[in-house]
Amino acid sequence: MNILLLGSGGREHALAWKLAQSPRVEKLYAAPGNPGIAQSAQLVSLDATDHDAVGAFCVENAVDLVVIGPEAPLVDGLGDALRAAGFAVFGPDKAPAQLEGSKGFTKDLCARANIPTAGYVRTSSLEQARAELSKFGLPVVIKADGLAAGKGVIIAETTEQADAALGDMFGGSFGAAGAEVVLEEFMTGEEASFFALTDGKDILPFGSAQDHKCVGDGDTGPNTGGMGAYSPAKVLTPELEAEVIERIIRPTVETLRAEGMPYSGVLYAGLMLTPQGPKLIEYNARFGDPECQVLMMRLEDDLAELLLAVAQGRLAQHGPAPMTDTAALTVVMAAKGYPGAPEKGGAIGGVYADHDAQVQIFHAGTALKDGALIANGGRVLNVTALGKSIGEAQARAYAAVDAINFPTGFCRRDIGWREVERERGA
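Let me sum up the structure you'll find in this document.

Summed over all chains, the structure comprises five aromatic pairs. With centroids separated by 5.7 Å and ring planes inclined at 50 degrees, the aromatic side chains of Phe 206 and Phe 287 adopt a geometry described as tilted. In this pair, Phe 206 is assigned in strand β11 (residues 203–211) and Phe 287 in the loop between β16 (277–284) and α10 (291–298), connecting sequence segments 81 residues apart. For the pair formed by Phe 206 and Phe 287, the shared burial category is buried. The rings of Phe 90, Phe 206 and Phe 287 are connected pair by pair, giving a single aromatic cluster.

It is worth spelling out the nonpolar core at this point. Membership of the largest hydrophobic core comes to 45 residues, with the highest contact counts inside it found for Leu 4, Ile 249 and Leu 271. At six residues, helix α9 (residues 238–258) tops the list of elements feeding residues into this core. Beyond its immediate chain neighbours, meaning those up to four positions away, Leu 271 contacts Glu 190, Glu 191, Ala 192, Phe 194, Leu 236, Val 244, Ile 248, Lys 279, Leu 280 and Ile 281. With 44 residues, the next largest nonpolar core counts Phe 195, Leu 204, Val 294 and Leu 299 among its residues.

Moving on, we come to helix α6 (residues 103–113). The buried fraction of α6 amounts to eight of the eleven residues, a majority that puts the element mostly inside the structure. If you check which residues of α6 are buried, you get Lys 103, Gly 104, Phe 105, Thr 106, Lys 107, Leu 109, Cys 110 and Ala 113. Its buried side turned inward, α6 meets α5 (98–101), β6 (120–123), β7 (140–144), β9 (181–185), α9 and β16. Note on α6: the residue one or two positions beyond its end, Asn 114, has a positive phi of about 60 degrees.

The rules behind the values
Residues numbered from 1 in each chain as written. Predicted model: local features only at pLDDT ≥ 70, side-chain atom pairs only at ≥ 80, totals over all residues. Heavy atoms only, no water. Phe/Tyr/Trp six-rings, centres within 6.5 Å; stacked < 30°, edge-to-face > 60°. Helix = DSSP H or I, 4+ residues; strand = E, 2+ residues; numbered from the N terminus. Buried < 20%, exposed > 50% of the residue type's maximum accessible area, 1.4 Å probe, protein only. Core = buried A, V, L, I, M, F, W, Y, C linked by side-chain atoms within 4.5 Å. Contact = heavy atoms within 4.5 Å.

Written as structure tokens, this is what we have:
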């Protein structure tokens, strides 16, 4: 089959790397891709916001499956346009993609379907938000309603911090994403991520992971799009996973289907494991980044066959998606200044050296200049390794990090720390 993969980050490099391993894939195109993706796919110049151009490319190149990597094209309705033109698409249509595109949409769905989540209020003005703040204790969670590249969430410890965050959001710091703001009660517990594939009817569990959002060691500093992840998240036990499927994932899929907007793609549930049980923090409508990288390292299935089964509505016929018992861990190497203004253009060496066979380096924000690899974004590389334990995978990943010469880059040095501590205490 011929596949078109849309996106240019580390998630898409991991997807391209895994798709290229399928014996069924004859031609893999990626738009716009990056230098790492170019090792697995033919890069093409396409603007995902130009739905007609994407459709025309699919016709001209006999594309059998379109895999939409990032969230913005999904929320923009690219899936709708391509399905209307007769193409198989992995990724939800515009209406169900609101699960990620609007925090308020998801919270309202949780209320309708009795899905456990934090208490909340939707607000549409600074004055209303300030008035509603008194209903919440401290700390309080303040979220820009729309897409904000993983950075539109503030945990305010004081009333002054909360007021400043509201002023920033309604003042335009997050663009259109902050036109509405959701206030949420602060939940306590450990966070974990659970993934499931669905074709709108059937549900297939697809592993767990734990992300590290804060920029600094010890979970300090501002939120980022993610500084690293590991899989599996053993804190999410089989019993808890079963509870997540029955109380969170299944009601979501069934409610969306009943309301005329069936969800097809991957559901990424960000969870808080509270004393009262798992609660939904938020949904993403695509594979996480960098969670996708560790999931692809562990997947023992034909990804192309699996995504096509989802797109064609025959997931029930596919069977389980086996994951190796081996652990995977990824470390994000970012450009100095991230998550603010990253320093672009820094030279990167050692990426193509002879690394451990259990290591893969996925490109997230790279470019070529005069044939040399340079940084071209905030998150630049995802150094990903397998191991018999999280601790072994961590050691292997950081050994590879230390072999890379990236003077204008940095990374956290404690990815996987919670699980490593648990392993040491076992």
